[in-house]
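# Summary of the model geometry
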Amino acid sequence: MRATAAGIHQAAAHLRNGRLVAFPTETVYGLGADATNADAVGQVFQAKNRPAGHPLIIHTATMAGAFAVGADDPAATRLAERFWPGPLTLVLPLRSEAGIADAVTGGRATVAVRVPRHPVAAALLRAVGRPVAAPSANPHGRLSPTEAQHVRDELGPAVELVLDGGPTEIGLESTVLELVGGRPVLLRAGGVTVEELEAAIGPVDEPGADEPARAPGMLRQHYAPRTPLRLDADDPLPDEVYLGFGAAPGATCNLSPTGDLEEAARNLFVMLRRLDSAGARCIAVAPIPDHHLGRAINDRLRRAERGATPDGPGSGQTVCERPS
Ligand code: AMP
Ligand code: MG
């Protein structure tokens, strides 16, 4: 459904009635449910085939709404004033009076909150007037949706209403930062860079990418196409498709011919989808600089490399290596 005023009005009624709505945010499409309705939240886990215990991010229209759910402190307020509405999720102590369904947090004492800036998301949240729990609108472990059609293709009848707001602006999930006393911890690289966070609040701890999952639901294998990936590839082998970056003469698709990381982030999931359907043995991926948004892009690529499953059109091998 087009995200007109009437469409948004209908979607808000849907959410208040305990039904699911997929909607665009500036990061990726979200699958929303009324966060105060345990049955609606349960439907989100079912539709995504998401394991219980993987907590959901709560979306609100305003900072005051977010801090009515999670307890703010001076650092949270500073970050909220600087980056909200926008692609930053804060993990905060859960307020006991918030009335959030237990499944949203997996029964934890912390809650993840975000105020998105996409005009459709913002209008929808204002119209619902309740906190909306919304993970990315993809089957668990697969590529995140950056267009409404991806949601229709992959979640199908499980989601009656998909608000179509066109392709998303950032194309990668939000940054997740834990602020529960002590030093802030980066749980997921995303649309707001670590450099920007540190400029606002000082040092942020970053668990290494290969450390065991520190955040619940932060999996080493995730965001995966079916075709195996080969990362840091300078050029493609004959039976590979090639995802380029910058000057990349042999590229089947190029994330950004001019080497622009924002453009690359926007193109990442949609190009991986396209290459995944090419039937190649392997998707070779050019090196991406590991700073600013490149950190988030490389994080997704590494998880995708580990998570590629061999039931796709490829040859069935799970590891893609350059033959010696
Ligand atoms: P997504 O499913 O893409 O919306 O991502 C949600 C992610 O946010 C989860 O997988 C967690 O890593 C993180 N998250 C959400 N809620 C919490 C929480 N209460 N504590 C820690 N991390 C959380
Ligand atoms: Mg997700």
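The structure under discussion appears in the preceding block.
Residues numbered from 1 in each chain as written. Chains lettered and ligands numbered in written order. Predicted model: local features only at pLDDT ≥ 70, side-chain atom pairs only at ≥ 80, totals over all residues. Heavy atoms only, no water.

## A word on the overall build of the protein chain
Looking only at helices and strands, the protein chain features 10 helices and 13 strands. Taken against the 2.2 N^0.38 rule, which gives 20 Å for 324 residues, the C-alpha radius of gyration of the protein chain at 19 Å falls within 12% of a compact globule. In terms of overall dimensions, the protein chain has a C-alpha envelope of 60 × 45 × 35 Å along the principal axes. Counting across all 324 residues of the protein chain, residues that qualify as buried make up 54%. In the protein chain, once contacts between residues fewer than 6 apart in sequence are set aside, the share between residues at least 24 apart is 69%. Accessible surface computed for the protein chain: about 13,000 Å², of which carbon and sulfur atoms make up 49%. With 31 positive and 37 negative side-chain charges, the protein chain shows a separation of 4 Å between the mean positions of the two kinds. (Helix = DSSP H or I, 4+ residues; strand = E, 2+ residues; numbered from the N terminus. Rg over C-alpha atoms; globule rule 2.2 N^0.38 Å. Buried < 20%, exposed > 50% of the residue type's maximum accessible area, 1.4 Å probe, protein only. Contact = heavy atoms within 4.5 Å. Areas by Shrake-Rupley, 256 points an atom, 1.4 Å probe, with all protein chains shown as cover. Lys, Arg positive; Asp, Glu negative; His and termini not counted. Charge placed at Lys NZ, Arg CZ, Asp CG, Glu CD.)

## Describing the environment of Arg 126
Tracing the backbone through its elements, the reader meets Arg 126 in helix H6 (residues 119-128). What makes Arg 126 exposed here is its relative accessible area of 59%. A sequence separation of 65 residues divides Arg 126 from Ala 61, and the C-alpha atoms of the two residues are 5.4 Å apart.

## Section: the layout of surface pockets
Roughly 620 Å³ of internal volume is contained in the largest pocket. Taken together, 41 residues line the largest pocket, and the ones lying closest to its centre are Arg 50, Pro 55, Ile 57, Val 176 and Arg 188. Within the residue set of the lining of the largest pocket, elements represented by two or more residues are strand E2 (29-34), strand E3 (57-59), helix H5 (102-105), strand E5 (110-114), strand E8 (175-178) and strand E9 (185-188). Broken down by element, the residue count for the lining of the largest pocket peaks at 4 residues, all from E5. Looking at the lining of the largest pocket, its residues break down into 18 nonpolar, 15 polar and 8 charged. (1 Å grid on protein atoms, 1.4 Å probe; cavity = no way out; pocket = protein on both sides within 12 Å on 5 of 7 lines; lining within 4 Å. Points joined across faces, edges and corners; volume = space filled by probe spheres on them. Nonpolar A, V, L, I, M, F, W, Y, C, P; charged D, E, K, R; others polar.)

## Describing helix H1 (residues 5-16)
Between its terminal C-alpha atoms H1 stretches 17 Å, which fits the 16 Å expected from 12 residues at 1.5 Å a residue. When we look at burial in H1, the residues that qualify are Gly 7, Ile 8, Ala 11, Ala 12, His 14 and Leu 15. For H1, the angular spread of buried residues about the axis comes to 155°, placing them on one side. Exposed residues pointing more than 90 degrees away from the buried face of H1 are listed as Ala 5, Ala 6 and His 9. (Expected span 1.5 Å × (residues − 1). Arc of directions from axis to C-beta.)

## Observations concerning the sheet that holds E5
If you trace the 9 strands from one edge of the open sheet to the other, you get E7-E1-E2-E6-E3-E5-E4-E8-E9, paired in mixed fashion. What marks the edges here is a single partner per strand, and that holds for strand E7 (161-162) and E9. Of the pairings in the sheet, the one linking E3 to E5 comprises 3 bridges and is parallel in character. If you follow His 59 over to E5, its bridge partner there is Arg 114. Sheet strands in contact with H6 are strand E1 (21-24), E3 and strand E6 (132-133), and its direction is about 135° off that of E1. (Pairing = 2+ DSSP bridges. Axes fitted to C-alpha atoms, helices over the stretch in contact; angles between N-to-C directions.)

## A word on the state of the cysteines
In total, this model carries 0 disulfides according to the counting rule given. Summary of cysteine pairing: Cys 253 is not part of a disulfide, and the nearest cysteine sulfur, belonging to Cys 282, is at 14 Å. Overall, the relative accessible area of 8% leaves Cys 253 in the buried class. (Disulfide = S-S within 2.5 Å.)

## A word on empty space enclosed by the protein
All told, the structure shown has 2 cavities of 30 Å³ or more when counted by the stated rule. Surrounding the second largest cavity, Ala 189, Gly 190, Val 192, Thr 193, Val 194, His 292, Arg 295 and Ala 296 form its lining. Broken down by class, the residue content of the lining of the second largest cavity amounts to 4 nonpolar, 3 polar and 1 charged.

## Some words on the nonpolar core
Counting residues in each nonpolar core, the largest one holds 82 residues, and the members touching the most others are Leu 90 and Leu 243. At 9 residues, the largest contribution of residues to this core is made by helix H9 (residues 261-276). When sequence neighbours within four positions are dropped, the list of residues in contact with Leu 243 reads Cys 253, Leu 255, Leu 268, Met 271, Leu 272, Leu 275, Ile 283, Ala 284, Val 285 and Ala 286. (Core = buried A, V, L, I, M, F, W, Y, C linked by side-chain atoms within 4.5 Å.)

## A few points about the pattern of salt bridges
Two side chains of opposite charge can pair, provided their charged atoms sit close to one another. If you walk through the whole model with that rule in mind, you get 16 salt bridges. For Glu 160, the salt bridge identified is with Arg 19, shortest N-O distance 2.9 Å. Placement of the pair is Glu 160 in the loop between helix H7 (148-155) and E7 and Arg 19 in the loop between H1 and E1, with a sequence separation of 141 residues. With a relative accessible area of 55%, Glu 160 lands in the exposed category. Look at Arg 19 and you get partly exposed, because its relative accessible area is 33%. The shortest N-O distance in the salt bridge between Glu 154 and Arg 273 comes to 2.5 Å. Of this pair, Glu 154 sits in helix H7 while Arg 273 sits in helix H9, and the two are 119 residues apart along the sequence. Note on Arg 273: relative accessible area 14%, which makes it buried. Shared partners join several salt bridges into a network, and the residues in it are Glu 173, Asp 299, Arg 300 and Arg 303. (Salt bridge = Lys/Arg side-chain N within 4 Å of Asp/Glu carboxyl O.)

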